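Summary of the model geometry
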Amino acid sequence: MRFLRALVTSLFLLAAAVTAHAAPVEESGWTAVWATSAQMPSKTMGPNWSEGGFSNHTLRQVVRVSQGGVATRVRLTNRYGTEPLAIAGATIAVTDAGANIRLDTLRPLAFGLASEFRIPAGADLTTDPVLLPVAPFQSLTITLHLAEPTGPATHHAQALAATYRATGDHRADGVGTAFTETTQSWYYLSGVEVFDVLPHRSGVVTFGDSITEGVRSTPDADNRYPDELAERLTAEGNPRAVIDQGIGGNRVTVDSSWLGDSAQRRFRTDVLDQPGVGTVIILAGINDIGLSTDGPGAADTVVPVSTDQLVAGHLDLIRQARAKGLRVIGATLTPIHGSPYFSPAAESARQALNAWIRTAGAYDAVVDFDAALRDPADPQRFAPEFDSGDHIHPSDAGYAAMAAAVNPAEFG
């Protein structure tokens, strides 16, 4: 019986490798179990390798999937590249510790059965599936060998997890001693998908800014609110894939070279194109308010945005989601008093948008993160135990409280 199951699975994977790239996402039977939002090369909030790119390097990147499956494939992106990206070789394996991998799980990644391939400028690519069963909350290591100069690299700036770099080809190394450089950004990596028996379209996308991204949570600890939500659902016997599509500083209405394409512009790739998804939770707008008068980095971060413009942006996201058949949950904006974003005008705008989210009936459901995190004695501020210290991002306990505030009965 075991041999027959392995034979059937192998035949399925071979057929999928040939046909997957032509099959519509909604018919593929795959589910996104980890994802991150692509950003153009920039200095962003801290040092990273995106502007310089890579040449004769191997990148080793570690991600934790929110659910498991019997087979696995990886989404790569050259979305902001100006030249084709040459992948000289790629592997996937179960993570051991740090840059080490479990060699018994090492699998080569290919595209169209070719181990070397190119990703056109501006494009994404999904690898052929591999027979690599993974468990819920297992860490996977994706290794890319980039032999040719890449030019500036598509990346995600604030990974809150280590990425490792080595000189030369080390894609098959079990021990990661060659990987002597680290950064906390992801490069060319946009998603991991699994094939499994979870109900189709049961997945959840958490969509937003740095609070969704998990900024100020403990690095390499998977304490972001989407991580906490996935763990809670599994513990309650209602396992679902939960993916994190937050970008630090991201805005509903404004594109930025530092802070990512606007929520309206990136919604298709980051939400609608994700396989197996039925629900999206939208937490967005605090940066439109806070960066209307002042902000870091490039000049395109500071653009005034009115409450009416924010409401129109939210309505556009709702329209896009419903056109795809997704259930849409709106989240209230969390407190900002004590942070550089706070002013009486900014607080008035936050309260106005929250009132609209709660009462307008535009969303299918509402999760009140503001009520979950605010201090009852001073509702414009975080409760002390939920404040990371910068008065705008939650602590680990705050992110756990956000996950606890979500009602799974509202999912599609």
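Quantities reported herein were computed from a predicted structural model and do not represent experimental measurements.

When helices and strands are tallied, the chain shows nine helices and 21 strands. Burial status across the chain gives 58% buried among its 412 residues. At a minimum sequence separation of 6, the contacts of the chain that also span at least 24 residues come to 80%. Within the structure as shown, the chain displays about 15,600 Å² of accessible surface, and the carbon and sulfur contribution to it stands at 56%. Distance between charge centroids for the chain: 5 Å, based on 30 positive and 44 negative side chains.

This part is about the sheet that holds strand β3 (residues 71–77). With antiparallel pairing, the four strands of this open sheet are ordered in space as β1-β14-β3-β8. Every other strand in the sheet has two partners, leaving β1 (30–35) and β8 (124–126) as the edge strands with one partner each. Neighbouring strand axes in the sheet, compared pairwise and without regard to direction, differ in orientation by 25 degrees on average. Note: β3 against strand β14 (residues 189–195), six bridges, orientation antiparallel. Each bridged residue has a counterpart across the sheet, and for Arg73 the counterpart in β14 is Glu193.

Angle between the axes and distance between the axes: these two values describe a pair of packed helices. Packing of helix α4 (residues 263–272) against helix α6 (residues 307–323) brings their axes to within 10 Å, and their N-to-C directions diverge by 25 degrees. Classified by the angle their axes make, α4 and α6 are roughly parallel. Read as a crossing pair, α4 and α6 show a hand that is right-handed. Contact with α4, carried on its side by Ala263, Gln264, Phe267, Arg268 and Leu272, involves Gly313, Asp316, Leu317, Gln320 and Ala321 of α6 and no other residues of that element. Residues of the contact of α4 with α6, tallied by class, amount to five nonpolar, three polar and two charged.

Time to look at the packing of α6 against helix α7 (residues 344–359). For the pair α6 and α7, interaxial distance at closest approach is 10 Å and the crossing angle is 35 degrees. Relative to α7, the crossing made by α6 is right-handed. Across the interface between the two elements, Thr307, Leu310, Val311, His314, Leu315 and Ile318 of α6 pack against Ala349, Ala352, Leu353, Trp356 and Ile357 of α7. Across the contact of α6 with α7, the residue classes tally to nine nonpolar, two polar and no charged.

Let us look at the pairing of strand β21 (residues 378–382). Pairing geometry for strand β20 (residues 374–375) and β21, over two bridges, is antiparallel. Note on β21: the bridge partner recorded for Arg374 is Phe382. The turn joining β20 and β21, which pair antiparallel and follow one another in sequence, is formed by two residues.

A separate point is helix α3 (residues 225–235). Taken together, the buried positions of α3 are occupied by Tyr225, Pro226, Asp227, Glu228, Leu229, Ala230 and Leu233. Backbone geometry just downstream of α3 places Gly237 in the positive-phi region, at approximately 80 degrees.

Under the defined criterion, the tally for this structure stands at 28 salt bridges. A salt bridge links Arg75 to Glu193; the nearest nitrogen and oxygen atoms lie 2.7 Å apart. Here Arg75 is found in strand β3, whereas its partner Glu193 is found in strand β14, with 118 residues between them in sequence. The class for Arg75 is buried, based on a relative accessible area of 11%.

A separate point is the nonpolar core. Of all hydrophobic cores here, the largest spans 63 residues; its most connected members are Phe207, Phe267, Val280, Ile281 and Ile282. Other than its neighbours up to four places away in sequence, Phe207 contacts Thr212, Gln245, Ala263, Arg266, Phe267, Asp270, Val271, Val280, Ile281, Ile282, Leu283 and Leu317.

Moving on, we come to the environment of Asp173. Within the element layout of this structure, Asp173 appears in the loop between β11 (163–167) and β12 (181–183). Distance from Asp173 to Ser306, taken between C-alpha atoms, is 53 Å for residues 133 residues apart in sequence. If we ignore the near neighbours within four places in the chain, the residues touching Asp173 are Arg60, Ile101, Leu103 and Ala178.

On to the sheet that holds strand β2 (residues 57–64), then. Strand order in the open sheet formed by six strands is β6-β5-β9-β2-β11-β12, with antiparallel pairing between adjacent strands. Edge positions in the sheet fall to β6 (107–109) and β12, since each has one partner strand and no second. For this sheet, the mean angle separating the axes of adjacent strands, direction not counted, is 25 degrees. Bridge count between β2 and strand β9 (residues 139–146): eight bridges; the pairing is antiparallel. When the sheet's bridge partners are listed, Val62 is paired in β9 with Thr141.

Below, the discussion takes up the side chain of Ser395. By the element assignment, Ser395 lies in the loop between β21 and α9 (396–405). Under the relative-accessibility criterion, Ser395 is labelled buried at 13%. Filtering out sequence-adjacent residues up to four positions away, Ser395 remains in contact with Glu385, Phe386, Asp387 and Ser388.

This part covers the confidence of the model for the chain. Mean pLDDT for the chain: 91, with 91% of residues reaching 70 or above. Here residues 1–12 is modelled with pLDDT under 50, and outside its nearest four sequence neighbours on either side it reaches three contacts, counting other chains as well. Segment residues 17–27 is flagged for pLDDT under 50; beyond a separation of four residues in sequence, or across chains, it makes 14 contacts in the model.

Here we take up the pairing of strand β5 (residues 89–94). Where burial is concerned, most of β5 is hidden: six out of the six residues are buried. Side-chain alternation along β5 places Gly89, Thr91 and Ala93 on one buried face and Ala90, Ile92 and Val94 on a second face that is also buried. Both β5 and β9 contribute to a ladder of six bridges, which runs antiparallel. By the bridge assignment, Thr91 is partnered in β9 with Thr143. Inspection of the sheet shows β5 paired to β6 by three bridges, in the antiparallel sense. When the sheet's bridge partners are listed, Ile92 is paired in β6 with Arg107.

How each quantity is defined
- Residues numbered from 1 in each chain as written.
- Predicted model: local features only at pLDDT ≥ 70, side-chain atom pairs only at ≥ 80, totals over all residues.
- Heavy atoms only, no water.
- Helix = DSSP H or I, 4+ residues; strand = E, 2+ residues; numbered from the N terminus.
- Buried < 20%, exposed > 50% of the residue type's maximum accessible area, 1.4 Å probe, protein only.
- Contact = heavy atoms within 4.5 Å.
- Areas by Shrake-Rupley, 256 points an atom, 1.4 Å probe, with all protein chains shown as cover.
- Lys, Arg positive; Asp, Glu negative; His and termini not counted.
- Charge placed at Lys NZ, Arg CZ, Asp CG, Glu CD.
- Pairing = 2+ DSSP bridges.
- Axes fitted to C-alpha atoms, helices over the stretch in contact; angles between N-to-C directions.
- Parallel < 35°, antiparallel > 145°, perpendicular 65-115°, else oblique.
- Left-handed = near helix turned anticlockwise from the far one by under 90°.
- Nonpolar A, V, L, I, M, F, W, Y, C, P; charged D, E, K, R; others polar.
- Salt bridge = Lys/Arg side-chain N within 4 Å of Asp/Glu carboxyl O.
- Core = buried A, V, L, I, M, F, W, Y, C linked by side-chain atoms within 4.5 Å.
- pLDDT = per-residue confidence, 0-100.

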